Amino acid sequence: MSITTLGQFVIEKQQDFSYAKGELSRLLRDIGIASKIISREVNKAGLTQILGEHGSVNVQGEDVKKLDIIGNETFIWALEKGGEVCAMASEENDDMVLLEGKFSKHGKYVVCIDPLDGSSNIDVNVSIGTIFSIYRRISEPGTEANLQDVLQAGNRLVAAGYVVYGTSTMLVYSTGKGVNGFTLDPSIGEFCLSHPDIKTPADGKVYSLNEGNAGEFSEGLNNYLAWVKGTDKATSRPYTARYIGSMVADFHRNLLKGGVFIYPPTAKSPNGKLRLLFECIPMSFIAEQAGGIATTGTMRVLDVEPTEIHQRVPVIMGSANMVKKVQEFM
Ligand code: AHM
Ligand code: MG
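Please read all numbers here as calculations on a predicted model, not as lab measurements.

### Quick look at the sheet that holds strand 5 (residues 159–165)
Step number 1: The sheet built from eight strands is open, its strands ordered 2-1-3-4-5-6-7-8 with mixed pairing. On the outer flanks of this sheet lie strand 2 (97–98) and strand 8 (190–195), each paired with one strand and no other.
Step number 2: Sheet topology places strand 3 (residues 109–117) next to strand 4 (residues 128–136); seven bridges connect them, and they run antiparallel. Within strand 4, the residue paired with Asp-117 across the bridge is Gly-129.
Step number 3: Where helix 4 (residues 67–82) meets the sheet, its contacts fall on strand 1 (85–90), strand 2, strand 3 and strand 4, and the angle it forms with strand 3 comes to roughly 160°.

### Topic: the coordination of the magnesium ion (ligand 2)
Step number 1: At the metal site, the magnesium ion (ligand 2) is ligated by Glu-91 (OE), Asp-114 (OD), Asp-117 (OD) and Glu-279 (OE), and these contacts range over 1.9 to 2.5 Å.
Step number 2: For the magnesium ion (ligand 2), all donor residues lie on one chain, and their spacing in sequence is E-x22-D-x2-D-x161-E. Note that Glu-91 is positioned in the loop between strand 1 and strand 2 and Asp-117 in strand 3, a separation of 26 residues in sequence.
Step number 3: Under the relative-accessibility criterion, Asp-117 is labelled buried at 7%.

### Thoughts on the environment of Ile-122
Step number 1: Relative to the helices and strands, Ile-122 resides in the loop between strand 3 and strand 4.
Step number 2: What makes Ile-122 buried here is its relative accessible area of 15%.
Step number 3: In contact with Ile-122, other than residues within four places in its own chain, are Ala-45, Leu-67, Leu-116 and Ile-128.

### With respect to the sheet that holds strand 10 (residues 240–241)
Step number 1: Within the open sheet, the five strands sit side by side as 10-9-11-13-12. Their pairing is mixed. If you trace the sheet from one side to the other, it starts and ends with strand 10 and strand 12 (293–295), each paired once.
Step number 2: The pairing of strand 11 (residues 259–263) with strand 13 (residues 315–318) spans four bridges and is antiparallel. Looking at the pairing, Val-260 lines up with Gly-318 of strand 13.
Step number 3: Contacting strand 9 (206–208) and strand 11, helix 6 (residues 219–229) runs over the sheet at an angle of about 150° to strand 9.

### Digging into the pattern of salt bridges
Pairing between side chains becomes possible if they bear opposite charge and their charged atoms approach one another.
Step number 1: Enumeration over the complete set of coordinates arrives at 13 salt bridges.
Step number 2: When the shortest N-O distance is used, the salt bridge between Arg-26 and Glu-84 registers 2.9 Å. In this pair, Arg-26 is assigned in helix 2 (residues 23–44) and Glu-84 in the loop between helix 4 and strand 1, connecting sequence segments 58 residues apart.
Step number 3: What makes Arg-26 partly exposed here is its relative accessible area of 36%.
Step number 4: Across the pair Arg-40 and Glu-41 runs a salt bridge, and its minimum N-O distance is 2.9 Å.

### Details of helix 9 (residues 320–329)
Step number 1: Those residues of helix 9 that fall on the buried side of the exposure criterion are Ala-320, Met-322, Val-323 and Val-326.
Step number 2: As for helix 9, its buried residues are in contact with strand 9, helix 6, strand 11, strand 12 and strand 13.

### A look at the site of ligand 1
Step number 1: Among the 15 residues in the neighbourhood of ligand 1, the closest are listed as Asp-117, Gly-118, Tyr-243, Met-247 and Tyr-263.
Step number 2: In the environment of ligand 1, an oxygen atom lies 2.8 Å from a nitrogen or oxygen atom belonging to the side chain of Asn-210.
Step number 3: A distance of 2.6 Å is found between an oxygen atom of ligand 1 and a side-chain nitrogen or oxygen belonging to Tyr-263.
Step number 4: About the coverage of ligand 1: the protein hides 79% of its 470 Å² of free accessible area.
Step number 5: Listed by contribution, the elements that provide at least two residues to the shell around ligand 1 are strand 3 and strand 11.
Step number 6: Counted by class, the shell around ligand 1 contains five nonpolar, five polar and five charged residues.

### Observations concerning the packing of aromatic side chains
Remark: the centre distance and the inter-plane angle together describe each pair of aromatic rings, the angle taken between the planes.
Step number 1: Summed over the entire model, instances satisfying the criterion amount to nine aromatic pairs.
Step number 2: Ring centres of Tyr-224 and Phe-329 lie 5.8 Å apart, and the angle between their planes is 65°; this geometry places the pair in the edge-to-face category. Of this pair, Tyr-224 sits in helix 6 while Phe-329 sits in helix 9, placing them 105 residues apart in sequence.
Step number 3: Here Trp-227 and Phe-329 contribute two aromatic rings whose centre-to-centre distance is 5.9 Å and whose plane-to-plane angle is 45°, an arrangement assigned as tilted. Of this pair, Trp-227 sits in helix 6 while Phe-329 is found in helix 9, placing the two residues 102 residues apart along the sequence.

### Looking at the pairing of strand 8
Step number 1: Note that strand 7 (residues 179–185) and strand 8 share five bridges and pair antiparallel. If you follow Leu-184 over to strand 8, its bridge partner there is Phe-191.

### Observations concerning the pairing of strand 3
Step number 1: Within strand 3, nine of the nine residues are buried, which leaves it mostly tucked inside the rest of the structure.
Step number 2: Note that strand 1 and strand 3 share five bridges and pair parallel. Opposite Ser-90, over in strand 3, you have Ile-113 as the bridge partner.

Each value, and the rule that gives it
- Residues numbered from 1 in each chain as written.
- Chains lettered and ligands numbered in written order.
- Predicted model: local features only at pLDDT ≥ 70, side-chain atom pairs only at ≥ 80, totals over all residues.
- Heavy atoms only, no water.
- Pairing = 2+ DSSP bridges.
- Helix = DSSP H or I, 4+ residues; strand = E, 2+ residues; numbered from the N terminus.
- Contact = heavy atoms within 4.5 Å.
- Axes fitted to C-alpha atoms, helices over the stretch in contact; angles between N-to-C directions.
- Donors = N, O, S within 2.8 Å, 3.2 Å for Na, K, Ca; no water.
- Buried < 20%, exposed > 50% of the residue type's maximum accessible area, 1.4 Å probe, protein only.
- Salt bridge = Lys/Arg side-chain N within 4 Å of Asp/Glu carboxyl O.
- Near = heavy atom within 4 Å.
- Polar contact = N/O pair within 3.5 Å; in protein donor to acceptor, adjacent residues only side chain to side chain.
- Areas by Shrake-Rupley, 256 points an atom, 1.4 Å probe, with all protein chains shown as cover.
- Nonpolar A, V, L, I, M, F, W, Y, C, P; charged D, E, K, R; others polar.
- Phe/Tyr/Trp six-rings, centres within 6.5 Å; stacked < 30°, edge-to-face > 60°.

Next comes the structure, spelled out in structure tokens:
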């Protein structure tokens, strides 16, 4: 048989890390388990008519929770069971979460997570995603984790990735040695290697940003938009706009086909909308590992030193030449 499951792949790659004692492999396995559970819940989302609306009580008499809450609780459960992680920062929690599993205090890792990104798309059956990043803790294992453990720059990442719940569920991750993608085969309940060693094209045709905010963009960015559209009448240009409003889905398409994803500063939100820890760092890591570029417009996203958990930064990421072109204008 020629399939390689996520679990098999992670074990095969363990030898890439001289310090690895299997904890990271187990942690990646736990993230895979949580993702499969969330995938199952996401697939049931359209059944709320039958199972009950969010906030109501379903036919079994259980409270129906919002999917982002389910996603968050699923990750906390999986990481507490696994015991490799001492603390977590989540888009769903205001503060850092100290994990309370039997072995959590001794866990060597911290995880930052956006359990369900693009949640405004849930009700309309459009792809959503989970984004995760893994760091080694700074504090001593066995002691209580502190804020410093989760406020680490992206250049210290051990691993990061995302799961896209689309026509198939796919998990894409990197441990700093390239990017690999796994598609969930529901018939065996396993993520199977489907996209080995993903390299993003250096050029692309797709630009992805919310142009509804153009009135609040910088002059430079609006000039770029005029340029991609060829409104300067120079020549017709090959670009096309694609923006679903689910970063994971927009990013994933651009990663495979070539493109640039932009969430720029606007007059109202000078730091953009997306969160450094939960969204920008992990996706930038994947972009770079696949051969692309990720910048805030003024610096490499992975070099930004986080100062608070829910910090936001602007982001321009994707195919190297497209990112460079945006920067020329900005
Ligand atoms: P969320 O974490 O609340 O779901 O918000 C993040 C999402 C991204 O997936 C997406 O790129 C962006 O918000 C869309 O925002 P906008 O509607 O401003 O374009
Ligand atoms: Mg989000």
